[in-house]
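Fold and contact review
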Amino acid sequence: MSEISSIVLKGICSVEVCWQFLYDLAEQMSQNQERKLYVNKLSLQQIYVKGKHFTIPLSSFASEGSEENDIWMLGAAAFELMIGTPILNGMG
C-alpha cells in the first residue's frame, strides 16, 4: 500500500478523518517524546496517509524541541487539514 501526502485532504476532510489524524499523530508523537524526540516543524506535506492511518516520517523528529511545541503544531496542522488554510494564515 503506498503513502500519499495528507495535503491532498486539505480543506475537504471529514470530522471523522480529522479525529483519526489527531489520534494517529498524537500516538506517534507520544511514543517519540518518550525517547526525547520532537518534531521541529510540522506541515501537511510531511504527514502521510497510508490506508486509513496518518504518519510522520521518523526523519521529521529531532532531539531538539518540546512537548508543548509538538502539541501546538499538531493542532495547527489539524486546523489546516479541516479548514484549508493555515491557522495564522501567514500572520505569525
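Since the structure is predicted, the reported quantities are computational estimates derived from the model, not experimental observations.

**Re the sheet that holds strand β4 (residues 53-55)**
Taken in spatial order, the three strands of this open sheet run β1-β3-β4, and their pairing is antiparallel. The outermost strands of the open sheet, each flanked by one partner alone, are β1 (4-5) and β4.

**Details of the pattern of salt bridges**
Evaluated as defined, the whole model comprises one salt bridge. Ionic pairing is found between Glu80 and Lys10, a salt bridge with its closest N-O pair at 3.0 Å. With Glu80 in helix α2 (residues 67-83) and Lys10 in the loop between β1 and α1 (15-34), this pair connects stretches of sequence that are 70 residues apart. Taking relative accessible area as the criterion, Glu80 reaches 16% and is therefore assigned buried.

**So, the packing of aromatic side chains**
The tally for this structure, following the rule as stated, stands at one aromatic pair. Seen from their ring centres, Phe21 and Phe54 are 5.1 Å apart, and the 80° between their planes marks the pair as edge-to-face. Residue Phe21 is located in helix α1, and its partner Phe54 is located in strand β4; the two are separated by 33 residues in the primary sequence. For Phe21, a relative accessible area of 0% gives the class buried.

Cut-offs used in this document
Every chain is numbered on its own, with residues counted from 1 as its sequence reads. Local features in this predicted model are restricted to residues whose pLDDT is 70 or higher, and side-chain atom pairs enter the listing and the counts only when it is 80 or higher, whereas totals over whole chains, interfaces and linings include all residues. Side-chain numbers here rest on the full set of heavy atoms in the structure, without hydrogens or water. Only strands that DSSP links by at least two bridges are regarded as paired with each other. Numbering of helices and strands runs from the N terminus, with a helix taken as a DSSP run of H or I at least four residues long and a strand as a DSSP run of E at least two residues long. In the sections that follow, a salt bridge refers to a side-chain nitrogen of Lys or Arg positioned within 4 Å of a carboxyl oxygen of Asp or Glu. Note on exposure labels: buried denotes an accessible area under 20% of the residue type's maximum, exposed denotes more than 50%, and partly exposed covers the range between, all computed with a 1.4 Å probe on protein chains only. Within 6.5 Å between ring centres, the rings of Phe, Tyr and Trp (the latter by its six-membered ring) count as paired, and their orientation is classed by plane angle as stacked under 30 degrees, edge-to-face over 60, tilted in between.

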